[in-house]
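Structural overview for review
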Amino acid sequence: MDFQIKKLILWSREPQFKPKEIEFKTNSVNIITGASRTGKSAIIPIIDYCLASDSCYIPVKTIRNACSWFGIVIEVNQKQVLLARQEPGLQKSTDNMYIASGIEVEIPDIPIKNTNRDSVKKFLDELSSLTFLDIDDENSSNYLGRPSFRDLMAFCFQPQNIVANANTLFYKADTTEHRTKLINIFPYILGAVTPDILAKRQEINNLTRVLKRKEKELLKLKEVSEKWKTEVNGWLAIAQEFGLIKLDALNDLSFEEQIEMLTLISEKRASDSSILNKNIEASSQEIVALRKEESELSLKLSSLKNRYTEMRQLMNSLDGYRESLTIQVERLNISKWLKSLTEDNETCPIFGTKNHPKEQIDKFYTNLIKLEDETGFTNKIPAAFEREFDNVKSEISILSEQITAVQKRIKLQSQIRNSAEHEKYTVENISRFIGQVQYANETFKSLGTDSELIHEIETINNTLSNLRAQVNESAVIQRVNSAINKIGGYAIRLLPLLDSERPNDPIRIDYQNLTVVVSGQDGRDDYLWEIGSDSNWLAYHISVTLAFQLFFNQQSHSPVPGFIVYDQPSQVYFPKKIAARENEQELDPKLENDEDRIAVKKIFETMSEALKISQSKFQIIVLEHADSSIWGDIHNVNEVCEWRGDNNKLIPEEWIK
């Protein structure tokens, strides 16, 4: 995204002082050079604070005591936007912000709050055309929420503690929250996952939830149907006894045919019945057969229950026996040690040499070996026993279902036959039975008709198949790998220009760990933290972060702003005076030898080369100790400020009380 820093603005607490403006050049390398403690390292926190960070990391005391507001002017889409934020005082941050925009924005004498941080965050999200869909809408974790403009700052800042860090490659990726979120949104940032894919993923998740619900409904309907299959048989048997239907073999009918017969019965009248002795005999025989079947099933079930109980008791006894053996083994374990002392002709520390009970110890040791063998034997239940135990449980389940079905048929027929003797075969009783069948038939049709539900499930499955084909997760992985390879290609092109010990070794971005992997000639892959030297870490940081900007610049639309700020990348080459007191530290350290000067110059040459590759389509800001004698003759490098000498710092002396 064409989003670059045009100005940085500070407002004094004293109204008589005009705002201080620091102007940057777009599409260039901008350098603020100066001595220590002049305010260079406050530039990144100020820009970050004005871009709606959650906390204020601007250094306290001098800077925050002198300023009332901080602001930046950004140049985006050929217009300017001023974002200013009030100094938070004793708070961690404040939501008081000011926003203004135009072709050329006017800097107010003192900003007056006209918006808040949340509104600015939404404005920046919309400006970047970020999706408002979550990366994973099924997970309520913030780590899988929608990408935000604040997440993109990882690619825009390289402060002192990051720019040559072996363990952290990106800004704020040293905290779990930012690190996890960045890993999750990486495919989206690389353009491998589009808003359209996120929308389809969300639709897939929604349809999957609906599908699960409908499949549960279908399962319930099937369970109802299974129960009805048992009851329908009973209804048909009674109808046959009343002479409402004529069937030679009731059990030979399919379930669908039985339902058709039930429908026919519901359409009959009591006058259609014909009481025949053979039907009554057949009905009585069926009751007898059902009672017999119930008795046989009950006997089998009782036998299986006893077997299951015995096997369960055996398993429990085995556990207790095993525990008892373990205790005995632990008690006899000392015999091993005592026996070893005897074999080595050493003096027993317990019995000495004269009264040593060797035979007794040997007996203990022999018993120990037997117990250990037995413990090993009982340690695991034989597979055959476990298989038999599972078979018994399965048979109990099957027999329980069968006896329940038989009992339902007996109960159903008994309800009809238990009528008063003088009413059993009357027209009124038969009419009542037909009414019950009509109700049962209508109820079954309303519950058992699942063809519409099956059709809905098939439609959802077809839609899900089409959506999954459109999302194509394997293609997403390929696009991620392709993007990673392009970024690695840019980094490999820039790395030889820097002071690196392995300039020609291929590198790969491991976005799952947010680091760099370097492949050696011996075939071994080394992570960044496995490679020594500050200068190497610096080289990989600069080459990789510039490579990301080159990749984003190549995209038709990338939400990542087109600027990056480095804070003192040359720090690894300046002399470290750890033991010096504060008042003895050199305020303007100098490079001590030509080799270090050459290495530092390579940093700026590499930045210039990156801009050349991009055709000057992004912005670099560098906060540096090194002066123009090192980078002065490099193309496309712009000196913004030189903070050296009296009253030449970020904060003017007259602002400081």
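Anyway, here's the lowdown on the structure attached to this text. (Residues numbered from 1 in each chain as written. Predicted model: local features only at pLDDT ≥ 70, side-chain atom pairs only at ≥ 80, totals over all residues. Heavy atoms only, no water.)

1. Observations concerning the packing of aromatic side chains
Under the counting rule described, the total for this entry stands at 17 aromatic pairs. A ring pair is formed by Phe157 and Phe563, whose centres lie 5.9 Å apart and whose planes are at 65°; its orientation type is edge-to-face. Taken together, the residues Phe157 in strand β8 (residues 157–158) and Phe563 in strand β12 (residues 563–567) connect sequence positions 406 residues apart. Across the pair, Phe563 and Phe157 agree in class, each one buried. Seen in terms of ring centroids, Phe551 and Phe552 are 6.0 Å apart; in terms of plane orientation they differ by 65°. Their pairing is edge-to-face. You'll find Phe551 and Phe552 in the same group, each marked buried. Members of the aromatic cluster, each reached through a chain of ring pairs, are Phe155, Phe170, Phe186, Tyr511, Phe548, Phe551 and Phe552. (Phe/Tyr/Trp six-rings, centres within 6.5 Å; stacked < 30°, edge-to-face > 60°. Helix = DSSP H or I, 4+ residues; strand = E, 2+ residues; numbered from the N terminus. Buried < 20%, exposed > 50% of the residue type's maximum accessible area, 1.4 Å probe, protein only.)

2. A look at the pairing of strand β1 (residues 3–12)
When you tally the buried positions in β1, you get 10 out of 10 residues, the bulk of the element. By the bridge criterion, 9 bridges tie β1 to strand β4 (residues 67–76) in an arrangement that is antiparallel. Each residue of the ladder has a partner; that of Leu10, found in β4, is Phe70. (Pairing = 2+ DSSP bridges.)

3. Digging into the packing of helix α14 (residues 473–494) against helix α15 (residues 534–554)
Relative orientation of the contacting elements α14 and α15 amounts to 125°, with a least axis distance of 8 Å. Comparing their axes, α15 and α14 come out oblique. In terms of crossing hand, the pair formed by α14 and α15 is right-handed. Residues Ala483, Lys486, Ile487, Tyr490, Ala491 and Leu494 of α14 pack against Ser543, Val544, Leu546, Ala547, Phe548, Leu550, Phe551 and Gln554 of α15. Among the residues making up the contact of α14 with α15, the classes are represented as 11 nonpolar, 2 polar and 1 charged. (Axes fitted to C-alpha atoms, helices over the stretch in contact; angles between N-to-C directions. Parallel < 35°, antiparallel > 145°, perpendicular 65-115°, else oblique. Left-handed = near helix turned anticlockwise from the far one by under 90°. Contact = heavy atoms within 4.5 Å. Nonpolar A, V, L, I, M, F, W, Y, C, P; charged D, E, K, R; others polar.)

4. What about the side chain of Asp151?
You can see Asp151 is positioned in the loop between α3 (117–127) and β8. Of note is the side chain of Asp151, whose polar atom sits 2.9 Å from the side chain of Lys181. Setting aside its immediate chain neighbours within four residues, Asp151 contacts Arg146, Lys181, Leu182 and Ile185. (Polar contact = N/O pair within 3.5 Å; in protein donor to acceptor, adjacent residues only side chain to side chain.)

5. A word on the environment of Phe170
Turning to its location among the elements, Phe170 is positioned in the loop between α4 (160–163) and α5 (176–189). Separated by 371 residues in the primary sequence, Phe170 and His541 have C-alpha atoms spaced 8.6 Å apart. Setting aside residues no more than four positions away along its own chain, Phe170 makes contact with Ala154, Phe155, Gln158, Ile162, Leu182, Phe186, Leu514 and Phe548.

6. Re the pairing of strand β5 (residues 79–86)
Counting buried positions along β5 gives 6 out of 8 residues, so the element sits mostly inside the fold. When β4 meets β5, the two strands line up antiparallel, connected through 8 bridges. Each residue of the ladder has a partner; that of Trp69, found in β5, is Gln86. Hairpin geometry of β4 and β5 is characterised by an intervening segment of 2 residues between the two adjacent antiparallel strands and by a positive phi of about 50° at Asn77. Pairing between β5 and strand β6 (residues 96–102): 6 bridges, direction antiparallel. In the sheet register, Gln80 faces β6, and the bridge partner there is Gly102.

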